Amino acid sequence: MKEIIEIYSKIVVATFGFIGPSFTLLISIFIDAIEKARIKKEQQLETLQSLYDSLYKSRNNTDIEKGMKKILKENAKQKTNIIKETNLLNPKRQIKRVFIPLIMSLFFISLYYYARTSRCIIENIDALKIIAIILSLCFFAYCLFALWQILNMVIDAKQAAIKDKTDKVVKQEIT
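Here we summarise the structure given alongside this text. Per chain, residue numbering runs from 1 following the sequence as it is written. Where totals are concerned, whole chains, interfaces and linings use all residues; where local detail is concerned, this predicted model gives features only for residues with pLDDT of at least 70, and gives and counts side-chain atom pairs only at 80 or more. Only hydrogens and water are set aside; all other atoms, that is, all heavy atoms of the structure, feed into the side-chain values.

### A closer look at the overall build of the chain
Segments assigned H or I by DSSP are reported as helices when at least four residues long, segments assigned E as strands when at least two residues long, and all are numbered from the N terminus. The helix and strand tally for the chain stands at 5 helices and 0 strands. Each helix and strand of the chain, placed in order from N terminus to C terminus, yields the pattern α-α-α-α-α. Three exposure classes are used, based on accessible area relative to the maximum for each residue type with a 1.4 Å probe and protein chains only: buried under 20%, partly exposed in between, and exposed over 50%. The buried share of the chain, reckoned over its 175 residues, is 29%. The criterion used for residue contact is that any of the two residues' heavy atoms lie within 4.5 Å. The long-range fraction of contacts in the chain, counting pairs at least 24 apart against all pairs at least 6 apart in sequence, stands at 79%. We get accessible surface area from the Shrake-Rupley algorithm with a probe of 1.4 Å; when it comes to residues, only the shown protein chains can shield them. In the structure as shown, the chain presents an accessible area of about 12300 Å², 64% of it carried by carbon and sulfur atoms.

Below is the structure:
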């Protein structure tokens, strides 16, 4: 069991060493694609808001209620997805989302190793070790999940940027 925990702790440390440079490279390489995707998502949000505003201004009271229910049903899911994707495109937020759980995971691994030493004065050392490893695993799993989401969003943003470039080239050739 101790060997598994030592291997796990090395994986967490290696991940910490991998994510820092990766984030720096990903954000600097794909900043244009990320920014364009973020602007596009914000425009989609503004479009949804304008739909609500135009419906409110153009109809009478009975039609407003029916129209609002229809728009809310159709666009609630789309709006939450757009907000989620916009948040995923915010580099500062994502760095916090990845590094805080990763640092917490490292902290709990350190706490586990501290509990193994003779300096630990806590009476129920076995419970402390188990809790520290479980919390470390939870934080590390969340970190990997957040990293997976970010990498998928960067790939989608880059593909959208490539598609926009090819669409512009096709449009220029047509005209």
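### Looking at the packing of aromatic side chains
When the centres of two rings from Phe, Tyr and Trp lie within 6.5 Å, Trp using its six-membered ring, the rings pair. Their planes under 30 degrees apart give stacked, over 60 give edge-to-face, and anything left gives tilted. According to the stated counting rule, one finds 5 aromatic pairs in the structure shown. Ring plane angle 10 degrees and centroid distance 5.8 Å describe the contact between Phe108 and Phe139, whose orientation is recorded as stacked. You can see Phe108 sitting in helix H4 (residues 91-116) and its partner Phe139 sitting in helix H5 (residues 125-174), a full 31 residues away along the chain. Since its relative accessible area comes to 11%, Phe108 is described here as buried. You can call Phe139 partly exposed: its relative accessible area is 27%.

### Here we look at the pattern of salt bridges
Whenever Lys or Arg places a side-chain nitrogen within 4 Å of a carboxyl oxygen from Asp or Glu, that contact is recorded as a salt bridge. Summed over all chains, the structure comprises 1 salt bridge. A salt bridge links Arg116 to Glu6, with the shortest nitrogen-to-oxygen separation between them at 4.0 Å. Here Glu6 lies in helix H1 (residues 2-29) and Arg116 lies in helix H4, a separation of 110 residues in the sequence. Given the relative accessible area of 32%, Glu6 is considered partly exposed.

### Quick look at the environment of Leu106
Summarising the element assignment, Leu106 is placed in helix H4. When the C-alpha atoms of Leu106 and Val13 are compared, they prove to be 7.4 Å apart, with 93 residues separating the residues in sequence. Leave out the neighbours within four places in its chain, and Leu106 touches Val12, Val13 and Phe16.

### Observations concerning the nonpolar core
Residues Val12, Ile19, Phe23, Val98 and Leu102 are the most contacted members of the largest nonpolar core, which totals 14 residues. Here this core takes 6 residues from H5, the largest share from any one element. Sequence-distant contacts of Val12, that is, excluding residues within four places in its chain, are made with Leu102, Ser105, Leu106, Ile109 and Phe140. Side-chain atoms within 4.5 Å link the members of a nonpolar core, which is a set of buried Ala, Val, Leu, Ile, Met, Phe, Trp, Tyr and Cys residues.

### Focus: the side chain of Ser9
On the secondary structure map, Ser9 appears in helix H1. Residue classification places Ser9 among the buried positions, given a relative accessible area of 10%. A polar contact of 3.2 Å, which involves the side chain of Ser9, links it to the side chain of Tyr113. Polar contact criterion, stated in full: a pair of N or O atoms within 3.5 Å, where within protein one must be able to donate a hydrogen and the other to accept it, and residues adjacent in sequence count only if both atoms are side-chain atoms.

### So, the side chain of Gln149
Structurally, Gln149 is set in helix H5. If sequence neighbours within four positions are ignored, Gln149 has contacts with Lys84, Leu88 and Arg97.

### Regarding the environment of Leu45
With respect to the helices, strands and loops of the structure, Leu45 is situated in helix H2 (residues 31-58). The spacing of Leu45 and Thr80 is 35 residues in sequence and 9.6 Å in space, taken between C-alpha atoms. The contact partners of Leu45, leaving out residues within four places of it in the chain, are Lys79, Ile82 and Ile83.

Bear in mind that shape data such as this cannot, by itself, settle questions of function.
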